[in-house]
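Observations on the model geometry
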Amino acid sequence: MKNLFKYAAEHWKSLLLIIAVLFIQAYCDLSLPAYTSDIVNVGIQQGGIEDTIPEAVSAEEMERLLLFVPAGDQETVLNAYEEENDAYDTAAYILKDDISETETEELGDILACPMMLTAGFESGSEMTQQIEEQMKSSLPQQMISDEMDMFDIMQMLPADQKDTMIQEMENQMSDMPETILEQAAVSYVGSAYENLGMDMDRIQIHYLVTTGGKMAGLAFLGMAASILVGFMASRVGAATGRDLRSRVFHKVVGFSNNEFDHFSTASLITRSTNDIQQIQLIIVMLLRIVLYAPILAIGGIFQVFQTNVSMSWIIALAVVLISLVILVLFLAAMPKFRILQSLVDRVNLVMREILTGLSVIRAFSTQKHEEERFDDANRALTRTNLFVNRAMTFMMPVMMLVMNGISVLIMWTGAHGIDNGQMQVGDMMAFIQYTMQIIMGFLLLCMLSIMLPRAAVAADRVQEVLDSKTVIHDPEQPEEFDSGEKGVLCFEHVSFRYPGADENVLHDITFTAKPGETTAIIGSTGSGKSTLVNLIPRFYDVTEGSITLAGVDIRQVSQHELREKLGYVPQKGVLFSGNIASNIMFGNPDGDKEEMIEAAGIAQAEEFISQKPDSYESPISQGGSNVSGGQKQRLSIARAIAKHPEVVIFDDSFSALDFKTDVALRKALKKRTKESTVLIVAQRISTIMDSEQIIVLDQGRIAGIGTHKELLENCEVYQQIAASQLSESELKAGKASDDGKEVPVNA
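This report concerns the structure included in the present document. (Residues numbered from 1 in each chain as written. Predicted model: local features only at pLDDT ≥ 70, side-chain atom pairs only at ≥ 80, totals over all residues. Heavy atoms only, no water.)

What follows concerns the nonpolar core. Formed by 65 residues in total, the largest nonpolar core has its most connected members in Leu 4, Tyr 7, Ile 279, Ile 283, Ile 406, Ile 410 and Val 462. Elements that contribute at least two residues to this core include exactly helix H1 (2-9), helix H2 (12-45), helix H10 (200-253), helix H12 (265-290), helix H13 (292-307), helix H14 (312-356), helix H16 (367-419) and helix H17 (425-467). Not counting the four nearest positions on each side in its chain, Ile 410 is found in contact with Met 311, Ile 314, Met 428, Phe 431, Ile 432 and Thr 435. In this structure, Ile 584, Ala 682, Leu 712 and Ile 721 belong to the second largest nonpolar core, which totals 45 residues. (Core = buried A, V, L, I, M, F, W, Y, C linked by side-chain atoms within 4.5 Å. Buried < 20%, exposed > 50% of the residue type's maximum accessible area, 1.4 Å probe, protein only. Helix = DSSP H or I, 4+ residues; strand = E, 2+ residues; numbered from the N terminus. Contact = heavy atoms within 4.5 Å.)

Quick look at the structure:
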């Protein structure tokens, strides 16, 4: 998992910007439920009145209100207002502009109960009627009459007695929920405004339009933030995928054959494509969802506590249920994802083998067997994919059940709270929206918990390639080649074993190949011929001894510098998609047309190239599938010649050529490589019998070194090879001395 976050953290500047924009988006999303609550509570139920103390009240209402204000607080109330006789139809008191927030809160606490009592006595509510009856029964009958109301009674009472009665009334209302006092205060403010002749419909419409406009603005801002986050996340994901593909490619290009033995080609292709695609996809989702989900969830929890704490236990219950679902799915799915990527490797491997060897499969009529082999790999991948998909299918209904169950629980609990006056309808609606936002955050995390393990496995597989130790590497301070010994190649007591092997495959190989001469290497199958020449371009490094070129150990120069001196023709001719010209000039892209034509002529490729409609511009398919084996070999030879190398290596590169073409090619090559060192690995003696030096390998050891004639005289292994390939007359001709006498054959 750490590798996944490490790749994302490489673009930390974009991450910081994305996080900042996500906070803006979260602020917008979390503000909308509060505005919805305000529209329901204030805009609809309260008629657009949101003041808990009147900003303006008639003089008559102020007198009534002060009857229920303790004597010690009346001066505070009057100091907060100033008289106004011109603004309304009747004399009024207007709240001062310079009143502070602290003074406003203090004024609200003082007037809460008086406003409720005043409104109740004016409307004749059940509670105030009971208070009025208690007051009348406690006073002497001669002091009151049936026409007197509570306001008249309060005016009659002395100040001390009135304060005592006000205290008793407040004590009776002390058990009431705070929301009821707030609603009563708002109701009183609305009545006070209406008594002053204010347009209540206009106030309500103004509030709804203003609040709705704020909601629309926040919605558009949230949408813009979401689009911007999506754009930036996509750029970061694409950049991460691009960088990883580039790093993996450069790493793989620098692999020696040892690393290719560790990572199969099919696996490297899967890691470079499918695995990096998984990482790219999950990084986009990480930036858009994983970072946003906790911000949304934490912000939602904070807003819930601001709305109504009494139902916060519902949030805790939802979080616990969702966490359990995530944990179960994570434990069940995580092992499958590691298997899944291996199965993708397996399908790619089987498919690659079948497509590569299709002609052999058809020739041996084994299509049925290969179909079954592919079907087995395909079914194993399908079964694992089905398990993961079923886990996803199981997750969604469970999450929807949790969400709907929580919604019902909130409504059931909230309905009781509304009935008891503990909360308002808008508060319950906001609570539901906040809860859904919190659950949605965890739901998004749950969905990613299915995808995250697979991406984490993919990241580990990619990192495994990037962390792999390359056996072949350049020295810290590379040396330069000595121009005085140009092209001289020396093997000095070279031994080699493959990494992890128990025995050497080459033993104490010592010889020198000089410019202008052809050094041939021959031996039975498995004798180490190709292994020997693969040591020259450092596809492997020697285990013991050293190889020098121009007097310098090839391990002490850079690989690029070394390979610039070499022209290499592999056993299997490899061509690249493009055209004939691009393939011939592959190692010498700055060469001219004359060099290309000359190289093609030496490689005996000019004849078949000229017969093609587009000549050198004729297209070459991937892998050279649209040319024959012999044509592919000749183009590979032309590619090596066009480079003008100091050392030319032919690793059994004439096997697909007919005898006539072979002879003509070697004759032309002899003229062209007078200043180059030529090494030829061959199976046919006819290809190498004119070489100045022939090295005979037998089980990784040198069995003989010399010319064709010398080896026929003194090398038993060479004699056996020659006897199997040459006629008796050819053997005699090879053994003939300079004066025409025959040399006896060693038994």
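Alright, that's what it looks like, and here's the rest.
This part covers the pattern of salt bridges. With the rule as written, the count across this model stands at 9 salt bridges. Here Asp 243 and Arg 242 are joined by a salt bridge, their closest N and O atoms 3.1 Å apart. Overall, the relative accessible area of 24% leaves Asp 243 in the partly exposed class. Ionic pairing is found between Asp 375 and Arg 379, a salt bridge with its closest N-O pair at 2.8 Å. One end of the pair, Asp 375, and the other, Arg 379, are both in helix H16, 4 residues apart, so they sit about a helical turn from each other. Assessed through its relative accessible area of 49%, Arg 379 is described here as partly exposed. Connected through salt bridges with shared partners, the residues Glu 353, Glu 370 and Arg 373 form a single ionic network. (Salt bridge = Lys/Arg side-chain N within 4 Å of Asp/Glu carboxyl O.)

According to the stated counting rule, one finds 6 aromatic pairs in the structure shown. Ring centres of Phe 496 and Tyr 498 lie 5.0 Å apart, and the angle between their planes is 75°; on these two criteria the pair is classed as edge-to-face. Using a relative accessible area of 2% as the deciding quantity, one classes Phe 496 as buried. Judged by its relative accessible area of 28%, Tyr 498 falls in the partly exposed class. Measuring from centroid to centroid gives 5.4 Å for Phe 539 and Tyr 568, while their planes differ by 80°, and the two rings are edge-to-face. Here Tyr 568 lies in strand E9 (residues 566-569) and Phe 539 lies in the loop between helix H18 (529-534) and strand E7 (544-549), a separation of 29 residues in the sequence. Phe 539 sits in the partly exposed class, given a relative accessible area of 21%. (Phe/Tyr/Trp six-rings, centres within 6.5 Å; stacked < 30°, edge-to-face > 60°.)

Everything listed is a geometric property; what it means functionally is a separate question.
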